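Single-letter residue listing:
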Amino acid sequence: GLLDEAVASYQKAIAIKPDYVEAHTNLGNTFQELGKLDAAVASYHKTLAIKPGYAEVHNSLGVILMKLGRMNEAVTSCHRALTIKPDSAEAHTTLGNALKELGRFDEAVTSYHKALAINPDYAVAHNNLGTALQDQGLLDDAVISYQKALTIKPDFFEAHNSLGNIFMKLGKVDEAVTKYYKALAIRPDYHASHSNLLLAQQYQLGQNTEKLYEMHKAWDQRHAQQFYSTRPYHLNTPDPNRVLRIGFSSPDLGWHPVGFFIVRLFESILENEIKTIVYSDRLADDLTTRIRAATGLWRDVNGISDEDLSKIILDDEIDILFDLTGHSAKNKMLLFARKPAPIQISWAGYVGTTGLSSMDYLLSDIHSTPEDEDKYYSEKVIRMPDGWLCYAPPDYAPDIGPLPFKQKGSVTFGSFSNPGKINEEVISVWAAIMNAVPNSCLLIKYSGIDTATNIERLTA
């Protein structure tokens, strides 16, 4: 576990024998473990310059390129590995991962099936196949894949977490919570699964603000406290005449609700008053491109460790850093635990407290955060006068027209929410409303909502 010393030893070996393939490879592996991904790529390229036919290193390079967000290059590396070694279940799986990230789900599923044809007991491939099926909305099939992974490897904490994620989309919140606890029992430092647990508990019946606050503070104690004794010194000058430097951290600045909440803000900011710096961990789409065009400085932070990103933010001299994720997917809570900016604010991506002692403020409103609940937030609550979010409709949205009710004579209600939010109490309220509104209809839409388990649950 002494990784820096390992790096020094491999470098000494290479100094003695520059064409030492294993030393370059092991150096790359160690850089990967340290989160120094660009250095890992350089080491793997040196290996392949000496030994071009090293299939395993082509695959390892593919893994790193994926972490750096260079998906097309990762696909190329995997194809090279498979040209040399067609029966590599690992390379087929890595290829599937890259294709999945590119949104090429059918091809990803095919790659995982090829891996499993070679090695039917490859738990990682079963787990990743489940995720690709989930992305296709095939939730029941995804459950089967995750369960196969756990049959092969019962202590596979990632598969327990994955099964928790799918249970959320099936509206089985209690089962999801159980799975997240199981993942944490196996791997107590698995902060991503602990965040998933907190998100699920926001939807769970029987919770209240006080209990949720205690749960979020427990996350802070377990994962964030280790960074609080080494908070950096901020060099920002308190000059009222200079332009404020405001940063935004998010993996969701694109086709995601947060993207539609944020885009008009960036397009309305006057550059001579505020300098905006964005730290984005996302493959770009057309809305990402639009948001990027409206920002002062855009940094793609795919594959950059929280520690290194904290240093980048410090060098950027950010005055106020916004977290737009909270404990939802691909969050940067451990970045904010490092306190890279003197003022840190949570907004737009999460409705409750983050629990972090290092998060200074929560931007909200009187509806989302009632005034008598401030004591259940680790942050100081700032309330906007009306609403805490402003939605910008997509370009394809039709113009506002006459109410369909006036043409049809009946009301159509709609819900496009995560099925985890649609519990028995919600359905009871919907039923009472619809019973009070003659001839009304209800349209429910969400990825995977038409899977057999969801249909059975909702119609029951």
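Now for a description of the structure that goes with this document.

Conventions we followed
Residues numbered from 1 in each chain as written. Predicted model: local features only at pLDDT ≥ 70, side-chain atom pairs only at ≥ 80, totals over all residues. Heavy atoms only, no water. Helix = DSSP H or I, 4+ residues; strand = E, 2+ residues; numbered from the N terminus. Rg over C-alpha atoms; globule rule 2.2 N^0.38 Å. Buried < 20%, exposed > 50% of the residue type's maximum accessible area, 1.4 Å probe, protein only. Contact = heavy atoms within 4.5 Å. Areas by Shrake-Rupley, 256 points an atom, 1.4 Å probe, with all protein chains shown as cover. Axes fitted to C-alpha atoms, helices over the stretch in contact; angles between N-to-C directions. Parallel < 35°, antiparallel > 145°, perpendicular 65-115°, else oblique. Left-handed = near helix turned anticlockwise from the far one by under 90°. Nonpolar A, V, L, I, M, F, W, Y, C, P; charged D, E, K, R; others polar. Pairing = 2+ DSSP bridges. Right-handed = clockwise from strand over helix to strand, strands pointing away. Lys, Arg positive; Asp, Glu negative; His and termini not counted. Salt bridge = Lys/Arg side-chain N within 4 Å of Asp/Glu carboxyl O. Expected span 1.5 Å × (residues − 1). Arc of directions from axis to C-beta. Phe/Tyr/Trp six-rings, centres within 6.5 Å; stacked < 30°, edge-to-face > 60°. Lys NZ or Arg CZ within 6 Å of the ring centre and 35° of its normal.

1. What to know about the overall build of the chain
Next up, step 1: Check the secondary structure of the chain and you find 20 helices and nine strands.
Next up, step 2: In terms of C-alpha radius of gyration, the chain reaches 24 Å, essentially the compact-globule figure of 23 Å for 460 residues.
Next up, step 3: Projected onto its principal axes, the C-alpha coordinates of the chain cover approximately 80 × 60 × 45 Å.
Next up, step 4: The proportion of buried residues among the 460 residues of the chain is 47%.
Next up, step 5: A separation of at least 24 residues holds for 58% of the contacts in the chain among residues at least 6 apart in sequence.
Next up, step 6: Split by element, the accessible area of the chain, about 23000 Å² in all, is 54% carbon and sulfur.

2. Points about the packing of helix α6 (residues 89–101) against helix α7 (residues 105–118)
Next up, step 1: At a minimum axis distance of 8 Å, the contact between α6 and α7 shows a crossing angle of 165°. Here α6 lies roughly antiparallel to α7, going by the angle between them. At the point where α6 passes α7, the crossing takes the left-handed sense. Across the interface between the two elements, Ala 89, His 92, Thr 93, Leu 95, Gly 96, Asn 97, Leu 99 and Lys 100 from α6 touch Phe 105, Glu 107, Ala 108, Ser 111, Tyr 112, Lys 114, Ala 115 and Ile 118 from α7.
Next up, step 2: Residues belonging to the contact of α6 with α7 are distributed by class as follows: eight nonpolar, five polar and three charged.

3. Focus on the sheet that holds strand β1 (residues 244–250)
Next up, step 1: Taking strand neighbours across the sheet as the criterion, the seven strands line up as β3-β2-β1-β4-β5-β6-β7 in an open arrangement whose pairing is parallel. Across the chains shown, the open sheet's two edge strands, defined by having one partner strand only, are β3 (297–300) and β7 (380–384). The sheet shows a mean angle of 25° between the axes of neighbouring strands, direction not considered.
Next up, step 2: The sheet contact formed by β1 and strand β2 (residues 274–280) spans seven bridges and is parallel. Residue pairing across strands places Phe 248 opposite Val 278, the latter belonging to β2.

4. Brief notes about the pairing of strand β9 (residues 441–444)
Next up, step 1: As paired elements, strand β8 (residues 412–415) and β9 share four bridges and run parallel to each other. Across the sheet, residue Ser 415 finds its bridge partner in β9, namely Ile 444.
Next up, step 2: In this fold, the crossover linking β8 to β9 by way of helix α19 (residues 424–436) has right-handed handedness.

5. Here we look at the packing of helix α8 (residues 123–135) against helix α10 (residues 157–169)
Next up, step 1: It is at 10 Å that the axes of α8 and α10 come closest, and there the two elements cross at 20°. One element, α8, and the other, α10, form an angle in the roughly parallel class. Of the two possible hands of crossing, α8 and α10 adopt the one that is left-handed. The residues of α10 that touch α8, namely those facing Asn 127, Thr 131 and Gln 134, are Glu 158, Ala 159, Ser 162, Asn 165, Ile 166 and Lys 169.
Next up, step 2: Of the residues contributing to the contact of α8 with α10, the split by class is two nonpolar, five polar and two charged.

6. Regarding the side chain of Asp 365
Next up, step 1: Secondary-structure assignment places Asp 365 in strand β6 (residues 361–365).
Next up, step 2: No salt bridge is formed by the buried Asp 365; the nearest opposite charge belongs to Arg 383, separated by 7.0 Å.
Next up, step 3: Here Asp 365 is in contact with Arg 383, Met 384, Asp 386, Gly 387 and Trp 388, once residues within four sequence places are set aside.

7. Describing helix α5 (residues 71–84)
Next up, step 1: The terminal C-alpha atoms of α5 lie 20 Å apart, and with 14 residues this matches the ideal 20 Å at 1.5 Å per residue to within 8%.
Next up, step 2: Taken residue by residue, α5 has Met 71, Ala 74, Val 75, Ser 77, Cys 78, Ala 81 and Leu 82 as its buried positions. With its buried residues spanning 165° around the axis, α5 presents them on a single face. The outward face of α5, more than 90 degrees from its buried face, is lined by the exposed residues Asn 72 and Thr 83.
Next up, step 3: Each element contacted by the buried residues of α5 is listed here: α4 (55–67) and α6.

8. Notes on unusual backbone geometry
Next up, step 1: One non-glycine residue with positive phi stands out, namely Lys 330, at about 60°.
Next up, step 2: Along the chain, Lys 330 falls in the loop between β4 (320–323) and α17 (333–337).
Next up, step 3: Positioned with a positive phi, Lys 339 is a non-glycine residue whose angle comes to about 55°.

9. A closer look at the packing of aromatic side chains
Next up, step 1: As enumerated under the stated definition, the model contains seven aromatic pairs in all.
Next up, step 2: Between the aromatic rings of Phe 248 and Phe 322, the centroid separation amounts to 5.1 Å while the plane-to-plane angle is 10°, which identifies the pairing as stacked. Placement of Phe 248 in strand β1 and of Phe 322 in strand β4 is noted, with a sequence separation of 74 residues between them. Comparing Phe 248 with Phe 322 shows no difference in burial state: the two are buried.
Next up, step 3: A ring pair is formed by Phe 322 and Trp 347, whose centres lie 5.9 Å apart and whose planes are at 65°; its orientation type is edge-to-face. Here Trp 347 lies in the loop between β5 (343–346) and β6 and Phe 322 lies in strand β4, a separation of 25 residues in the sequence.
Next up, step 4: Sitting over the face of the ring of Phe 156, Lys 153 holds its NZ or CZ atom 4.9 Å from the ring centroid.

10. Regarding the environment of Gly 28
Next up, step 1: Examined against the element boundaries, Gly 28 turns out to sit in helix α2 (residues 21–34).
Next up, step 2: Given the relative accessible area of 0%, Gly 28 is considered buried.
Next up, step 3: The spacing of Gly 28 and Asn 236 is 208 residues in sequence and 37 Å in space, taken between C-alpha atoms.

11. Details of the pattern of salt bridges
Side-chain pairing between opposite charges can occur once the charged atoms of the two side chains come close.
Next up, step 1: Under the defined criterion, the tally for this structure stands at 18 salt bridges.
Next up, step 2: One salt bridge in this structure joins Lys 217 and Asp 220, with 3.7 Å as the shortest N-O distance. Of the two residues, Lys 217 and Asp 220 are both situated in helix α13 (residues 209–224); the distance of three residues between them amounts to about one turn of the helix. No difference in accessibility class separates Lys 217 from Asp 220, as the two residues are buried.
Next up, step 3: It is possible to trace a salt-bridge network through shared partners that takes in Arg 264, Glu 267, Arg 290 and Asp 395.

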